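Survey of secondary and tertiary structure
Listed here are the chains, written in short residue letters.
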Amino acid sequence: MTTRPPAFPPRPLRGVRATYARQTSCPSVFARVVVDFEPWEPGLAFEVDDMAARVPGWSAQDVAELCEALRTGIHEELAALGPGTTVAAAVVVRELTVHEVDSSPRSFRAAGRLAVRNALAQV
């Protein structure tokens, strides 16, 4: 009998929240996201909900940069799971919360890594 390696996510994980913030001194950082991790084909599919892509006061290009950084952070953290886990996930970004000064791609990359850790804690 052959045993398949565990897959991530093993079941739908909806409404996974991640907040990466440090606002006690300069420089401050802030990123808050809500994402769904759905079982999918092997690999990582990434989608941003239309409502999440609209951030008042931010251009579509700036929001796209934040989303790409979020995707990068999620990908990096999933890659760190190692060869014992098969990544087969569709990630849907449901919500982005930004701070007009303290949000940056770097903070959203960290929030992506944290979102994966929070999802793993639910499993």
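Shown above is the structure to which this text applies.
For the structure given in this document, a descriptive report is provided here. (Residues numbered from 1 in each chain as written. Predicted model: local features only at pLDDT ≥ 70, side-chain atom pairs only at ≥ 80, totals over all residues. Heavy atoms only, no water.)

Okay, the packing of helix H1 (residues 60–79) against helix H2 (residues 105–122) next. At a minimum axis separation of 7 Å, H1 and H2 run at an interaxial angle of 40°. When the interaxial angle is binned, H1 and H2 end up oblique. Considering the relative orientation of H1 and H2, their crossing is right-handed. The residues of H2 that touch H1, namely those facing Glu 65, Leu 66, Ala 69, Leu 70, Thr 72, Gly 73, Ile 74, Glu 76, Glu 77 and Leu 78, are Pro 105, Phe 108, Arg 109, Ala 111, Gly 112, Arg 113, Val 116 and Arg 117. Residues belonging to the contact of H1 with H2 are distributed by class as follows: 9 nonpolar, 3 polar and 6 charged. (Axes fitted to C-alpha atoms, helices over the stretch in contact; angles between N-to-C directions. Helix = DSSP H or I, 4+ residues; strand = E, 2+ residues; numbered from the N terminus. Parallel < 35°, antiparallel > 145°, perpendicular 65-115°, else oblique. Left-handed = near helix turned anticlockwise from the far one by under 90°. Contact = heavy atoms within 4.5 Å. Nonpolar A, V, L, I, M, F, W, Y, C, P; charged D, E, K, R; others polar.)

Once that is clear, we can look at the pairing of strand S5 (residues 86–97). Pairing geometry for strand S1 (residues 7–8) and S5, over 2 bridges, is parallel. By the bridge assignment, Ala 7 is partnered in S5 with Thr 86. Bridge count for strand S3 (residues 29–39) against S5 is 8 bridges, and the pairing is antiparallel. Its bridge partner lying in S5, Glu 38 is registered against Ala 90. For the handedness criterion, the β-α-β arrangement of strand S4 (residues 43–48), H1 and S5 is classed as left-handed. (Pairing = 2+ DSSP bridges. Right-handed = clockwise from strand over helix to strand, strands pointing away.)

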